[in-house]
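Summary of structural features
So the chains spell out like this:
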Amino acid sequence: MQTSEQIVLREGEKTEVYGLSVALNAVDSADIRIVYGSGVFSVVSDLETRTTNMMTRESVTNTAGLPFEIKPMQVISAGDIRLVARELTSAGRIQAVPADPGQQLTGKSAFIFRLGAGDEPETVTLWKNDQEALAISSIKLNGHTFELFFGSIPVSLPFSLHLNDFILERYPGSDSPSGYRSEVTLRDTETGENLSSSIYMNNILKYRGYRLYQSSYDSDELGTILSVNHDPVGLAVTYTGYATMILFIIMSLLARNSFFRIVKPETWISPLRKKIAALLFFIIAGASLSVDAQPFVPGKEAAGEFGGILVQDQKGRTKPLHTLAGDILRKVTRETGFRGLTPLQVYFAVHYDFERWKDVPMIRVSDRDLRRRLGISDNKAAFSDLVDIAGEGTYRLSAEVNQAYEKSPGSRSRFDKEIIKVDERLNIIYMVYRGDFMNIFPLKDGTTNWGPADDALEKAVSREDSVYIASVDRLIYEILEDNNEQRARQLSESLNTYQQRFSEYDLPPAAKVKAERLYYRLGLFEKLFPFYVLTGILMLSVLVMIVITGRERKKVPAVFFAWLLFAGFVLHTAGLALRWYISGHSPMSNGYESMIFISWVTLLAGFLFRRKSDFALAGTAVLAGMTLLVAHMSFMDPEITNLVPVLQSYWLTLHVSVITSSYAFLGLGAILGLISMILLLFSGDSNQGRISDTLDNLVVINFRTLTLGLYLLTIGTFLGAIWANESWGRYWGWDPKETWSLITITVYAFVTHSRLIPGMKDIYTFNLLSLVAFASVLMTYFGVNYYLSGLHSYAGGEPVPVPLFVYLSVVILAGLCVAAYLKYRLSGIKRMQA
């Protein structure tokens, strides 16, 4: 790795450059001595050097100890170090010069001060050096010496710390840290205290007002890095403020005379004085795949029995083979099934009959240009479409893949990203064929690593082990070919016994393995999103007809739909509980989990407000279904993964649940605003009274919904500040998520108080604001998580393409709001004329 550094040498100075000493007219000896005399700069080196003219490329070898002249644009090579004299001058001064706008910064940062008591102040430049904690400069004025400094001041603690041991734990079979901690001894000579303690993420050492946090560790994993905080008064004041805020929020919800409890429709002006809710139709189309003549297809029952075998994935999680096969199929095909086959059938089929399965189109190719380049008409390519196996084995995308990986993530085009994804899917198929994912054998090498049969055979400690390991792969194939369910069960139990016996760590209990297989077989969340959307649309249709026609008997089917949604909500709750039990942590640690939780809270909000209006439940059903739909889009990963150390805390459940719950209530407010716009559009002379009554009811519900969402968002944000203080010793770091949470709080504080602004005190404006304000929530969640980098990002700063339907939705909503406004104004004009 090549690095460069710019140095400035003054008369008599000496410096170190990558282990080589360089001096200018210095008394001390140096490896390379630059001497100025008679108007010429000469060099004397204790090492043999070579000078190269940068213009002519001519080189001359210089004997060690003999002087030679140095000139600009000349490279002096001494071993691996190259020196270039940019400027040679016998006199001058160094001063800070501001860089031009847009110019790349190559120098150091500097603070310029002007000090003086007379008419001509002295200038002092304080240079910032990244290698030094403190930048210092001094000046003499009127016989006094003034010292200026910038940086961190070393502070002595009233106690000492001794590191007894630093322990870095990794997930089995991976390099991913599961946690790291420092075993320390604190000694206080003033009090005689001698305290042993463990410091790790979310577990801090508190002593005499000091708080010590596990910040990081040395690259050699032998030393630890702790951060120290000392602010006992500020901590008490801050936490008291947070507690007071939450207390008064609760009081405002419970107090009988609070505006939240007594709010009435008359708060907002409406020329209609009533309104209707309308429906949004979402067309869900499914495409069926034709089933061609299949190559080898393993028996479904036998393959299912092997799904309980434990396998260690590359991220250090031990899970059933059923889960691994499902993850692989989803990544390769972007589907949960393939041609009517289960993931396990596809996995074993590719592994045992790659010769024929290489010609089966199963690798997802989304980009149309790439499809044309590959000569395929469908959205899937076969392995043989990408690799010329019959010929020289050339990879057709080799050049494109290399070009895509050479670019930085931020400069990759959409085509580059698609190339990388297809390349990853191709490699996954090849690894399945090679058996690289079949890490089912503990390696017996003193580590927690598991491996496939070939790796395990190298570490086998007895002949019996070797025979057993070598026979497993052949036995699995024979059993799958015969579809012998009983033999499959026996071999699966035998492998589980082998794993339990030789594993170097505790394996998941049988109950948890069965629960995980059940979770993936049921696929609850994939089935719930069309159920929620369809049921919600039908219920909305019934409610709209009731408002338009005034026929109350149609409420009976609305009640029926409500009970259907309640059944779906129960299944949704069971799915969340099952995922929580399987993963061992609350299902809120990544984008997919937070979306399914938001969907759950959204429907919960609908049930809470159903007593006031059935529209709330119908609207939240549609929103919950669309949220689950987004959760199952290609950029979401539903895989159950291990937690990074910082998330291994009860704060994950507390903070994230409150924040994501607020999104559900604010989303309900947006849906109610949308329904109000549609009702305005359908209002007329014949139904104006009924629509006005419905609107009055909805606007009260909407206000209370947004108020609850704002309260939850505020509480969740401050709980996050407490979590940050308990983890890193700071409340707020202006992380993009923190910043946008603050923006969203401000936006909804404006929406809920807009009724106090004379020009905005009408029903249309409030509902419009409740709809538009949700864009801030979308930015806080999707914009930060998938487009910005920070502590809360799920995609590492690599943005996913914005789907086309997002732009279409914005245009449609804008048109709807304009049309609703025109109808609203027309209603007001008619009212005045009457």
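Here the structure is a predicted model, which means the values were calculated and not measured.

Helices and strands together make up the secondary structure of the protein, namely 24 helices and 25 strands. For the protein, with 834 residues in total, the buried portion stands at 46%. In the protein, the share of contacts with a sequence separation of at least 24, taken over all contacts with a separation of at least 6, comes to 61%. When the accessible surface of the protein is totalled, it reaches about 43,500 Å², and 56% of it is carbon and sulfur.

We now examine the confidence of the model for the protein. Predicted confidence across the protein gives a mean pLDDT of 79, with 84% of residues reaching 70 or more. The weakest mean pLDDT in the protein belongs to helix α24 (residues 804-833) at 74; the strongest belongs to helix α22 (residues 763-772) at 90. For the stretch residues 274-293, pLDDT sits under 50, and the model shows 64 contacts to residues farther than four places along the chain or on other chains. Low pLDDT (under 50) marks residues 789-799, which in the prediction has 31 contacts with non-local residues, meaning those over four places away or in another chain.

For R334, which is not a glycine, the phi torsion comes out positive at approximately 60 degrees. Considering the arrangement of structural elements, one finds R334 in the loop between α4 (321-333) and α5 (343-352). Relative accessible area serves as the criterion here: at 25%, R334 is assigned to the partly exposed category.

Our next topic: the side chain of S599. Note that S599 resides in helix α17 (residues 591-609). Its relative accessible area of 0% is what places S599 among the buried residues. Beyond its immediate chain neighbours, meaning those up to four positions away, S599 contacts Y532, H572, A624, T627 and L628.

Attention now goes to the sheet that holds strand β18 (residues 210-217). Taking strand neighbours across the sheet as the criterion, the three strands line up as β17-β18-β19 in an open arrangement whose pairing is antiparallel. With one partner strand each, in any of the chains shown, β17 (205-207) and β19 (224-230) form the two edges of the open sheet. Neighbouring strand axes in the sheet, compared pairwise and without regard to direction, differ in orientation by 30 degrees on average. Note that β17 and β18 share three bridges and pair antiparallel. Bridging from a neighbouring strand, L205 pairs with L212 of β18. Those strands touched by helix α20 (residues 688-728) are β17, β18 and β19, and its axis lies near 75 degrees from that of β18.

This structure, assessed with the given rule, holds 34 aromatic pairs. For the ring pair F531 and Y532, a centre distance of 6.0 Å and an interplane angle of 50 degrees mean the geometry is tilted. Three or more aromatic residues link up through ring pairs in this structure, and these residues are F296, F306, Y347, F348, Y352 and Y477. Here the basic side chain of K512 rests over the ring of Y581, its NZ or CZ set 5.4 Å away from the ring centre.

Judged by pairing direction, the sheet is antiparallel, and its four strands sit side by side in the order β6-β5-β8-β9 without closing on themselves. Only two strands of the sheet have a single neighbouring strand rather than two, namely β6 (59-62) and β9 (81-84). Each adjacent strand pair in this sheet contributes to an overall mean axis angle of 25 degrees, direction not counted. Relative to β9, strand β8 (residues 74-78) runs antiparallel, the two sharing four bridges. Pairing of V75 across the sheet is with V84, part of β9.

Our next topic: the pattern of salt bridges. A complete count under the given rule lists 20 salt bridges for this structure. Residues D327 and R330 are paired through a salt bridge, measuring 2.5 Å at the closest nitrogen-oxygen approach. Of this pair, D327 and R330 both sit in helix α4, three residues apart, which is roughly one turn of the helix. Just as D327 is buried, R330 falls in that class too.

Where α4 contacts α5, the axes come no closer than 8 Å and their chain directions differ by 80 degrees. Between α4 and α5, the crossing angle belongs to the class labelled roughly perpendicular. Contacts between α4 and α5 involve L321, H322, A325, G326, I328 and L329 on the former and, on the latter, P343, L344, V346, Y347 and F348. Of the residues belonging to the contact of α4 with α5, the class tally is nine nonpolar, two polar and no charged.

Rules used in this analysis
- Counting starts from 1 at the beginning of each chain's written sequence and moves along it residue by residue.
- Residues qualify for local features only when their pLDDT is at least 70, as the model is predicted, and side-chain atom pairs are given and counted only at 80 or more; totals for whole chains, interfaces and linings, by contrast, use all residues.
- Hydrogens are left out, water is left out, and the side-chain values use all remaining heavy atoms of the structure.
- Strands are runs of DSSP state E lasting at least 2 residues, helices are runs of H or I lasting at least 4, and numbering of each runs from the N terminus.
- Burial status follows relative accessibility: with a 1.4 Å probe on protein chains alone, a residue under 20% of its type maximum counts as buried, one over 50% as exposed, and anything between as partly exposed.
- Contacts are residue-level and defined by heavy atoms, with any inter-residue pair within 4.5 Å sufficient.
- Computed with the Shrake-Rupley method and a 1.4 Å probe, the accessible areas treat only the protein chains shown as cover for residues.
- One number per residue, pLDDT, summarises how confident the predictor is, and it ranges from 0 to 100.
- Any two strands between which DSSP finds at least two bridges are classified as paired.
- Angular values range over 0 to 180 degrees, each being the angle between N-to-C directions of two axes fitted as lines to C-alpha atoms, with helices fitted over their stretch in contact.
- Working definition: a ring pair exists when centres of Phe, Tyr or Trp rings (six-membered ring for Trp) sit within 6.5 Å. Plane angles under 30 degrees give stacked, over 60 give edge-to-face, the rest tilted.
- Both a distance and an angle decide whether a charge sits over a ring: NZ of Lys or CZ of Arg must be within 6 Å of the ring centre and within 35 degrees of the ring normal.
- A carboxyl oxygen of Asp or Glu within 4 Å of a side-chain nitrogen of Lys or Arg is what we treat as a salt bridge.
- In this scheme, roughly parallel covers angles under 35 degrees and roughly antiparallel covers those over 145, while 65 to 115 is roughly perpendicular and the rest are oblique.
- Asp, Glu, Lys and Arg are counted as charged, while Ala, Val, Leu, Ile, Met, Phe, Trp, Tyr, Cys and Pro are counted as nonpolar; the rest, among them Gly, fall into the polar class.

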